[in-house]
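# Fold and geometry: a report
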Amino acid sequence: MEDLKYYTQEGLDALKRELSQLESVERPKISQAIAEARDKGDLSENAEYDAAKEAQGLLELKIANLRNLIAKARVLDESKIDISKVLIYSIVKIRNTKNKMEMTYTLVPESESDFKAGKISVSSPIAKTLIGHSQGDVVVVQAPAGSMEFEILEISR
């Protein structure tokens, strides 16, 4: 099977909750909207019916995509993450060498990123620069606001 995607258990559980919500709540709502629109008569000129059918098609596509994503999902065994280098799911403590400000980020797939929770996407400029580096390394991140230099203080999982 190709296109495997790795998630934390928390990330996979969130996908499963979303799928369940779509199947058990959203799908019946749309079916009800279609039934109500159908009851209003002539379907050839019924914009409500057309809109509800289109919404149903989009919902079914989203459900199919989520099912496919879950089928290809693998839970990453966090106990096997190498902490000698920054990798996906590493928790990295860094210090800005200019202003001495310290930050801690967890590097996660885009689908799990949540900046407020300190989870940054592995495709972000900071994460891309940190990946593969070790504790004590100083890296230069090219950001829209210019280049910033960070020292890697600690790597954990």
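Look up: the structure comes first, before these words.
Notes on the structure follow. (Residues numbered from 1 in each chain as written. Predicted model: local features only at pLDDT ≥ 70, side-chain atom pairs only at ≥ 80, totals over all residues. Heavy atoms only, no water.)

## Focus on the overall build of the protein chain
The criterion, for reference: The helix count covers DSSP runs of H or I at least four residues long, the strand count covers runs of E at least two residues long, and both are numbered beginning at the N terminus. When we talk radius of gyration, it's over C-alpha atoms, and the globule rule is simply 2.2 Å times the number of residues to the 0.38. Three exposure classes are used, based on accessible area relative to the maximum for each residue type with a 1.4 Å probe and protein chains only: buried under 20%, partly exposed in between, and exposed over 50%. Working rule for contacts: check all heavy atoms of both residues, and any pair within 4.5 Å makes them a contact. Method for areas: the Shrake-Rupley scheme with a 1.4 Å probe, in which residue coverage is limited to the protein chains shown. In summary, the charge assignment counts Lys and Arg as positive and Asp and Glu as negative, without counting His or the chain termini. By convention, the charge on Lys lies at NZ, on Arg at CZ, on Asp at CG and on Glu at CD.
Assigned secondary structure in the protein chain consists of three helices and seven strands. Secondary structure of the protein chain in N-to-C order comes out as β-α-α-β-β-β-β-α-β-β. The C-alpha atoms of the protein chain give 22 Å as radius of gyration, which overshoots the globular expectation for 157 residues (15 Å, by more than 25%). Along the first, second and third principal axes, the C-alpha set of the protein chain runs to 70 × 35 × 25 Å. Counting over 157 residues, the protein chain shows a buried share of 31%. In the protein chain, 50% of the contacts between residues at least 6 apart in sequence involve partners at least 24 apart. With the model as given, the accessible surface of the protein chain reaches about 9,800 Å², and the carbon-plus-sulfur share is 51%. Where the 22 positive side-chain charges of the protein chain centre and where its 26 negative ones centre are 5 Å apart.

## Section: the sheet that holds strand β6 (residues 138-143)
The following threshold applies: Pairing between strands requires that DSSP locate at least two bridges from one strand to the other. Whenever a helix is involved, its axis is fitted only over the stretch in contact; in every case the axis is a line through C-alpha atoms, and angles between N-to-C directions fall within 0 to 180 degrees.
The five strands are arranged β5-β4-β3-β7-β6 in an open sheet whose pairing can be described as mixed. For this open sheet the edge positions go to β5 (119-121) and β6, each flanked by a neighbour on one side alone. Between one strand axis and the next, the sheet turns by 45° as a mean value, whatever way the strands run. Here five bridges tie strand β3 (residues 91-96) to strand β4 (residues 102-108), and the two strands are oriented antiparallel to one another. By the bridge assignment, Ile94 is partnered in β4 with Met103.

## Regarding the pattern of salt bridges
As a reminder, the rule being used: Criterion for a salt bridge: a side-chain nitrogen of Lys or Arg within 4 Å of a carboxyl oxygen of Asp or Glu.
According to the stated counting rule, one finds nine salt bridges in the structure shown. Taking the shortest distance from any N to any O, the salt bridge between Lys119 and Glu10 comes out at 3.0 Å. A residue pair is termed long-range when its members are at least 10 positions apart, and Lys119 in strand β5 and Glu10 in helix α1 (residues 9-38) qualify at 109 residues. Between Lys93 and Glu102 there is a salt bridge, and its shortest N-O distance comes to 3.5 Å. On the accessibility criterion, Glu102 (40% relative accessible area) is partly exposed.

## Section: the environment of Leu153
With respect to the helices, strands and loops of the structure, Leu153 is situated in strand β7 (residues 146-156). Each C-alpha atom of the pair Leu153 and Arg74 lies 30 Å from the other, and the pair is 79 residues apart in sequence. Residue contacts for Leu153: discarding those within four places in its chain leaves Lys93, Ile94, Arg95, Glu102 and Gln135.

## Focus: the packing of aromatic side chains
To keep it simple, the criterion reads: The criterion for an aromatic pair is that two Phe, Tyr or Trp rings (for Trp, the six-membered ring) have centres within 6.5 Å, with stacked assigned to planes under 30 degrees apart, edge-to-face to planes over 60 apart and tilted to the rest.
Under the counting rule described, the total for this entry stands at one aromatic pair. Taking the centre distance of 6.0 Å and the plane angle of 35° together, the rings of Tyr105 and Phe115 count as tilted. In this pair, Tyr105 is assigned in strand β4 and Phe115 in the loop between β4 and β5, connecting sequence segments ten residues apart. Judged by its relative accessible area of 60%, Phe115 is exposed.

## Observations regarding the nonpolar core
Inside soluble globular proteins, nonpolar side chains tend to come together where they are buried. Let me state the cut-off plainly: Take the buried residues of types Ala, Val, Leu, Ile, Met, Phe, Trp, Tyr and Cys, join any two whose side-chain atoms come within 4.5 Å, and each joined set is a nonpolar core.
If you look at the biggest cluster of nonpolar residues, it comprises 17 residues, and the most contacted ones within it are Tyr7, Leu12 and Leu15. Elements that contribute at least two residues to this core include exactly α1 and α2 (47-72). Here the element with the most residues in this core is α1; it accounts for seven residues. In contact with Tyr7, other than residues within four places in its own chain, are Leu12, Leu15, Leu69, Ala73, Arg74, Val75, Leu76, Tyr89, Ser111 and Glu112.

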